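Architecture at a glance
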Amino acid sequence: MSTDLKTATKLAVPGKGGRRKLTYPWILLIIAVGLVAVSVLRAVTGAGDLTSTGQFGAALSAAVPIGLAGLGGLWSERAGVVNIGLEGMMMLGSFAAGWVGWQHGPWAAAAAGVIGGALGGLIHAIATVTFGVDHIVSGVAVNILALGATQYLATLWFGQEGSAAMLAGGNDKQSPPMPDMPTFTVPGLWDALNTLEGHHWFLVSDVAGILGAAVTNVSWLTLLTVGLFIGTFYVLWRSSFGLRLRSCGEAPISAETLGVNVYSYKYAAVLVSGALAGLGGAFLSIGVHFFQDGQTGGRGYIGLATMIFGNWRPGGVAMGAGLFGFMDAMQLRSGGPTVHALLLGLAALLAVLALLRLRALKRTQAVVAGIAAAVLVIWYFLADTVPLELVEASPYIATLLVLALFSQRLRPPKANGKPYRRGQGT
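A short tour of the structure in this document, coming up. All of these numbers come straight from a predicted model, not from anything done at the bench.

Notes on the overall build of the chain
Of the regular secondary structure elements, the chain holds 18 helices and two strands. In terms of C-alpha radius of gyration, the chain reaches 23 Å, essentially the compact-globule figure of 22 Å for 426 residues. Overall, the C-alpha framework of the chain stretches about 65 × 60 × 40 Å when taken along its three principal axes. When each of the 426 residues of the chain is scored for burial, the buried share is 47%. Sequence-distant contacts in the chain: of pairs separated by 6 or more residues, those separated by 24 or more amount to 79%. Split by element, the accessible area of the chain, about 20400 Å² in all, is 69% carbon and sulfur. When the 26 positive and 18 negative side-chain charges of the chain are each reduced to one mean point, those points stand 21 Å apart.

Re a nonpolar patch on the surface
Taken together, the side chains of L119, L122, I123, I126, F131, V133, V137 and L145 present a nonpolar region at the surface, about 710 Å² in accessible area. The greatest single-element share of the nonpolar patch, amounting to four residues, is contributed by helix α5 (residues 106-130). Along the polypeptide, L145 turns up in helix α6 (residues 135-157).

Topic: the layout of surface pockets
Considered as a void within the structure, the second largest pocket measures approximately 700 Å³ in volume. Surrounding the second largest pocket, 31 residues form its lining, S61, A62, F283, G287 and V288 being those nearest its centre. When residues in the lining of the second largest pocket are grouped by element, the largest group, seven residues, is from helix α3 (residues 53-78). The residue inventory of the lining of the second largest pocket, partitioned by class, reads 15 nonpolar, 12 polar and four charged.

Some remarks on the packing of helix α15 (residues 314-332) against helix α16 (residues 336-359)
At a minimum axis separation of 8 Å, α15 and α16 run at an interaxial angle of 135°. As far as their axial angle goes, α16 and α15 are oblique. Touching F326, M327 and M330 of α15 are T338, V339 and L342, all from α16. Residue composition of the contact of α15 with α16, by class: five nonpolar, one polar and no charged.

Points about the nonpolar core
Counting residues in hydrophobic clusters, the biggest one holds 46 residues, and the most contacted among them are L74, W75, L221, L236, L245, I286 and M307. Of all the secondary structure elements, the ones that give two or more residues to this core are α3, α4 (86-104), α5, α10 (220-237), α11 (240-250), α13 (262-288) and α14 (299-309). Among the elements that take part in this core, α13 stands out by supplying 12 residues, more than any other. Not counting residues within four places of it along the chain, the set of residues in contact with L221 comprises W107, A110, M181, L279, F283 and I286.

Observations concerning the side chain of S163
With respect to the element layout, S163 can be found in the loop between α6 and α7 (164-167). With relative accessibility at 17%, the residue S163 sits in the buried group. Residues contacting S163, with those up to four places away along its chain left out, are W157 and F158.

Regarding the pattern of salt bridges
One pass over the structure, following the stated rule, counts five salt bridges. Close ionic contact of D293 with K173 constitutes a salt bridge, the shortest N to O distance being 3.7 Å. Here D293 is found in the loop between α13 and α14, whereas its partner K173 is found in the loop between α7 and β1 (183-184), with 120 residues between them in sequence. Judged by relative accessible area, D293 falls into the partly exposed class, the value being 26%.

Focus: unusual backbone geometry
Backbone geometry at H200 places phi at a positive 60°, although glycine is not the residue there. Structurally, H200 can be placed in the loop between α8 (187-199) and α9 (204-212). Residue H200 is classed as exposed on the basis of its relative accessible area, which comes to 58%. Phi angles above zero are rare outside glycine, and L203 is one such case at about 65°. Relative to the helices and strands, L203 is located in the loop between α8 and α9.

As for the environment of T306
Within the secondary structure, T306 is located in helix α14. Spatially, the C-alpha atom of T306 lies 8.0 Å from that of M319, the residues being 13 residues apart in sequence.

A word on α6
For α6, with 23 residues, the first-to-last C-alpha span of 32 Å sits near the 33 Å given by 1.5 Å per residue. Every buried residue belonging to α6 is among H135, S138, G139, V142, N143, A146, T150 and A154, and all of these are buried.

A closer look at the packing of aromatic side chains
Considering all chains together, one arrives at 12 aromatic pairs under this definition. Ring centres 5.6 Å apart and planes at 80° place the aromatic pair Y263 and Y420 in the edge-to-face group. With Y263 in helix α13 and Y420 in the segment after α18 (388-406), this pair connects stretches of sequence that are 157 residues apart. Each of the two residues, Y263 as well as Y420, counts as buried. Here the aromatic cluster, defined as three or more aromatic residues joined through ring pairs, consists of F95, W99, W157, F158 and F291.

Focus on α3
Here α3 contains 26 residues, and its C-alpha end-to-end distance of 35 Å stays within 8% of the 38 Å for a straight helix at 1.5 Å per residue. The largest bend in α3 amounts to roughly 30° and is located at V64, with the proline P65 lying one to four residues further along. For α3, a buried count of 20 out of 26 residues is recorded, marking the element as mostly surrounded by other parts of the structure. Within two residues after α3, G80 carries a phi angle of roughly 95°, on the positive side.

Let's talk about the packing of α10 against α13
It is at 11 Å that the axes of α10 and α13 come closest, and there the two elements cross at 165°. The pairing of α10 with α13 is recorded here as roughly antiparallel in orientation. Classified by chirality, the crossing of α13 by α10 is left-handed. When α10 is examined against α13, the residues L221, T222, L224 and L228 are found in contact with a partner set consisting of L276, L279, F283 and I286. Of the residues belonging to the contact of α10 with α13, the class tally is seven nonpolar, one polar and no charged.

Reading the values: rules and limits
Residues numbered from 1 in each chain as written. Predicted model: local features only at pLDDT ≥ 70, side-chain atom pairs only at ≥ 80, totals over all residues. Heavy atoms only, no water. Helix = DSSP H or I, 4+ residues; strand = E, 2+ residues; numbered from the N terminus. Rg over C-alpha atoms; globule rule 2.2 N^0.38 Å. Buried < 20%, exposed > 50% of the residue type's maximum accessible area, 1.4 Å probe, protein only. Contact = heavy atoms within 4.5 Å. Areas by Shrake-Rupley, 256 points an atom, 1.4 Å probe, with all protein chains shown as cover. Lys, Arg positive; Asp, Glu negative; His and termini not counted. Charge placed at Lys NZ, Arg CZ, Asp CG, Glu CD. Patch = residues over 30% accessible without salt bridge, like charges linked within 9 Å, V, L, I, M, F, W, Y side chains within 5 Å. Salt bridge = Lys/Arg side-chain N within 4 Å of Asp/Glu carboxyl O. 1 Å grid on protein atoms, 1.4 Å probe; cavity = no way out; pocket = protein on both sides within 12 Å on 5 of 7 lines; lining within 4 Å. Points joined across faces, edges and corners; volume = space filled by probe spheres on them. Nonpolar A, V, L, I, M, F, W, Y, C, P; charged D, E, K, R; others polar. Axes fitted to C-alpha atoms, helices over the stretch in contact; angles between N-to-C directions. Parallel < 35°, antiparallel > 145°, perpendicular 65-115°, else oblique. Core = buried A, V, L, I, M, F, W, Y, C linked by side-chain atoms within 4.5 Å. Expected span 1.5 Å × (residues − 1). Phe/Tyr/Trp six-rings, centres within 6.5 Å; stacked < 30°, edge-to-face > 60°. Bend = angle between axes of the 7 residues up to and from the residue. Left-handed = near helix turned anticlockwise from the far one by under 90°.

Function-wise, these values are silent; they only describe arrangement.
This is how it looks when you write it as structure tokens:
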């Protein structure tokens, strides 16, 4: 059966054979070029926070909930179910984590977040898989229901006069505080990297600052997230279960004829999707020690954008989460000078894009990219910083730019979002 499923899945992927495979040497080369480019930008602009341990540590923390939401979307959409309810599932996860965490600690909060998000996933699966509700409508409904439910329950459970939760510090907008989640630091390695970073040497200190973030005060949930990304790759691309699940998103009718219970795999995928998004919401609550109304702040939607940017692949989702996490951390650290430095970096990227478009004889796109690069260079030299309002909006601007630049190279699962009824192929 597995051979037949592989054949059916390949037939559902147009143009797969002509696409150049991104091998590990190419990946390493891209990383090396990126590191050199960032080092040059830091040296030219003098924006030391661009590669500091503090900046990348904050970026790593900001990337985790976005990455978990994106990974959740990947599971769902690989099985053919569009999931824009990720934001609502994150809300349910963050609320459940806040409710359980102040009573039983952060690890119980993480487990509660998984269950809360999975509950949102179950609602979405029942609506879309069983009853055939439009996936977008169902996702919007989940987001609205989650917002209303968490606000109502927060008032009921945390804001009741004289209740244990209120006496412990809760109110109708937030839960009582929970204990810290343990972190780890690699003592000897951290000291060496911190010393190297302090010398401000070209490339060496920049790499030390970036690596320092990976060994300093790292949450165990961050390590769990890394494991989930690796596990997702092996489950979905290296196992028969993953092959069957992906066939449901590419050619469900063909999968059904080969004996795959498409409904079961779609349910499993959407439940896992909700659980991952819920864990992302729990990470937010655990990080600040309590649930707070409006805590997710649109990160579920940004997670959806990382999934699209990552072309429905775990590695791409991780890269997108890192990018958006970096931008999110930058605005939280009041990174006006850093955003100002990035104007020059973005101008350089647009100049390269203009040359590539010109080489491909796409003159209109080349002219637009060239003009945009010139405007950014002029802006950089005429201003010393960037307005705070623009800094705060930088994660969302980055989302729009990335989706606009990479939209032509994206290929979602062929049957993603399409209605499926058992036996419709007979």
